[in-house]
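What follows is the residue order along each chain.
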Amino acid sequence: MQDPSPRKRPIVEVRGLRKEYPLGDETVVALKHIDLSIMRGEICCIFGTSGSGKSTLLNQLAGMEKPTRGEVRIGGALISRMSEEQLAAFRQRHLGFVFQSYNLLPSLTAAENVAMPLLFRGVPPAQRDAAARAMLKRVGLGHRMDHYPAQMSGGQQQRAGIARAFLARPDVVFADEPTGNLDSRTTVEVMEMICGFARDFHQTIILVTHDPEMARYADRIVTLIDGQIVREDVKQRSVQ
Ligand SMILES: Nc1ncnc2c1ncn2[C@@H]1O[C@H](COP(=O)(O)OP(=O)(O)O)[C@@H](O)[C@H]1O
Ligand SMILES: [Mg+2]
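Since the model is a prediction, treat every value here as computed from it, not as a measurement.

Caption draft 1: Quick peek at the overall build of the chain. Scanning the chain from N- to C-terminus turns up seven helices and 10 strands. Expressed along its principal axes, the backbone C-alpha trace of the chain runs to roughly 50 × 50 × 35 Å. Burial analysis of the chain (240 residues in total) assigns 50% to the buried set. Considering only contacts within the chain whose residues lie at least 6 apart along the sequence, 69% involve residues at least 24 apart. On the chain, roughly 11,700 Å² of surface is accessible, and the fraction owed to carbon and sulfur atoms is 51%.

This is the structure in structure tokens:
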């Protein structure tokens, strides 16, 4: 049998994932038993109503929390067994994040914020700055590079957040409700930007949303109800 094409190889593999949270004397089962494979270059949407377990799943996939049971692999690395230090290093080297609340550092300019992932990777300052500025131009913020987050609109801050997430070309970009604080027009702009980057750079993105409008951008839609996958839809991309 021939090797599958690169975009058909899984980058994220989840087996028997369960997550419980203690809550007083009780236990909340946020994820019951999740098996999931996400292919390289895919835009995967984790979809469901509030409380269905989307953020919990994202947090286990990105190594932000430890599963109660089961395994999570990213690019073959068993992240569910890594120590906190190994995880922190793995996240900096391999993962990117877009946050609902943008999470730009208020004391840094847009260019300085965007350059952060390269700082962690030991890239020299002039090179970091040039890369961050090129990326900011690309997201239409050429006129805001030396502005501070407080001087930028929500949409502009989120575009800077996207530039930061993709700058170092991480293996996977995670986004939990990235347009949750934006109006509908800005939501479309931001989603097109995220998906444009994912496609141009052939980058895997895992996106959490409760909004069916956003799920249409995905190649793979994973629907959660009560901590369980109830449906998985995979779209074939006509243009690559
Ligand atoms: N840290 C926590 N402690 C206790 N329960 C939690 C915690 N995080 C999430 N939960 C519970 O797990 C379930 C799934 O939550 P979550 O993953 O945040 O859902 P979603 O992102 O789909 O809205 C909910 O019942 C929520 O109350
Ligand atoms: Mg959530």
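More follows now that the structure is in view.
Caption draft 2: Spatial organisation of the packing of helix α3 (residues 110-120) against helix α4 (residues 125-138). At a minimum axis distance of 8 Å, the contact between α3 and α4 shows a crossing angle of 120 degrees. Judged on the interaxial angle alone, α4 and α3 are oblique. When you trace α3 past α4, the crossing you get is right-handed. Contacts from A110, A111, V114, A115, L118 and L119 of α3 reach α4 at R128, D129, A131, A132, R133, M135 and L136. Split into classes, the residues belonging to the contact of α3 with α4 amount to 10 nonpolar, no polar and three charged.

Caption draft 3: Representation of the site of ligand 1 within the structure. Every residue near ligand 1 is listed here: Y21, V28, A30, T49, S50, G51, S52, G53, K54, S55 and T56. Measuring from an oxygen atom of ligand 1, one finds a side-chain N or O atom of S55 at 2.9 Å. About the coverage of ligand 1: the protein hides 62% of its 560 Å² of free accessible area. Among the elements of the structure, β2 (26-39) and α1 (54-61) are those that each provide at least two residues to the shell around ligand 1. Partitioned by chemical class, the residues of the shell around ligand 1 number three nonpolar, seven polar and one charged.

Caption draft 4: View of the pattern of salt bridges. Counted according to the given criterion, the structure contains 12 salt bridges. With a closest N to O distance of 2.8 Å, R133 and D146 form a salt bridge. You can see R133 sitting in helix α4 and its partner D146 sitting in the loop between α4 and α5 (154-167), a full 13 residues away along the chain. Here E232 makes a salt bridge to R220, at a shortest N to O gap of 2.7 Å.

Caption draft 5: Structural context of the nonpolar core. Residues V114, M135, L136, I162, F166 and F197 are the most contacted members of the largest nonpolar core, which totals 44 residues. Contributing elements (two or more residues each) for this core: β3 (43-47), α3, α4, α5, β7 (172-176), α6 (184-200), β8 (204-209) and α7 (212-215). Residue contributions to this core peak at seven residues, all from α6. With near-sequence residues (within four places) excluded, F197 lies in contact with M135, R138, V139, I162, F166 and H202.

Caption draft 6: Region of the structure containing the sheet that holds strand β1 (residues 10-23). The four strands lie next to each other as β2-β1-β4-β5, forming an open sheet whose pairing is antiparallel. A single partner strand is all that each edge strand has here, and the edge strands are β2 and β5 (77-78). The pairing of β1 with strand β4 (residues 69-74) spans five bridges and is antiparallel. Each bridged residue has a counterpart across the sheet, and for V12 the counterpart in β4 is I74.

Caption draft 7: The arrangement of the packing of aromatic side chains in detail. Taken as a whole and assessed by the stated rule, the structure comprises four aromatic pairs. Measuring from ring centre to ring centre gives 6.1 Å for F97 and F99, while their planes differ by 20 degrees; the resulting arrangement is stacked. Relative to F197, the ring of F166 lies with its centre 5.1 Å away and its plane at 25 degrees, an arrangement referred to as stacked. Linking F166 in helix α5 with F197 in helix α6, this pair joins segments that are 31 residues apart in sequence. Of the two residues, F166 and F197, both sit in the buried class. Across from the ring centre of F201, 3.6 Å away, lies the NZ or CZ of R169, which sits over that ring. When the ring centre of Y217 is taken as origin, the NZ or CZ atom of R216, which lies over that ring, is 4.7 Å away.

Each value, and the rule that gives it
- Residues numbered from 1 in each chain as written.
- Chains lettered and ligands numbered in written order.
- Predicted model: local features only at pLDDT ≥ 70, side-chain atom pairs only at ≥ 80, totals over all residues.
- Heavy atoms only, no water.
- Helix = DSSP H or I, 4+ residues; strand = E, 2+ residues; numbered from the N terminus.
- Buried < 20%, exposed > 50% of the residue type's maximum accessible area, 1.4 Å probe, protein only.
- Contact = heavy atoms within 4.5 Å.
- Areas by Shrake-Rupley, 256 points an atom, 1.4 Å probe, with all protein chains shown as cover.
- Axes fitted to C-alpha atoms, helices over the stretch in contact; angles between N-to-C directions.
- Parallel < 35°, antiparallel > 145°, perpendicular 65-115°, else oblique.
- Left-handed = near helix turned anticlockwise from the far one by under 90°.
- Nonpolar A, V, L, I, M, F, W, Y, C, P; charged D, E, K, R; others polar.
- Near = heavy atom within 4 Å.
- Polar contact = N/O pair within 3.5 Å; in protein donor to acceptor, adjacent residues only side chain to side chain.
- Salt bridge = Lys/Arg side-chain N within 4 Å of Asp/Glu carboxyl O.
- Core = buried A, V, L, I, M, F, W, Y, C linked by side-chain atoms within 4.5 Å.
- Pairing = 2+ DSSP bridges.
- Phe/Tyr/Trp six-rings, centres within 6.5 Å; stacked < 30°, edge-to-face > 60°.
- Lys NZ or Arg CZ within 6 Å of the ring centre and 35° of its normal.

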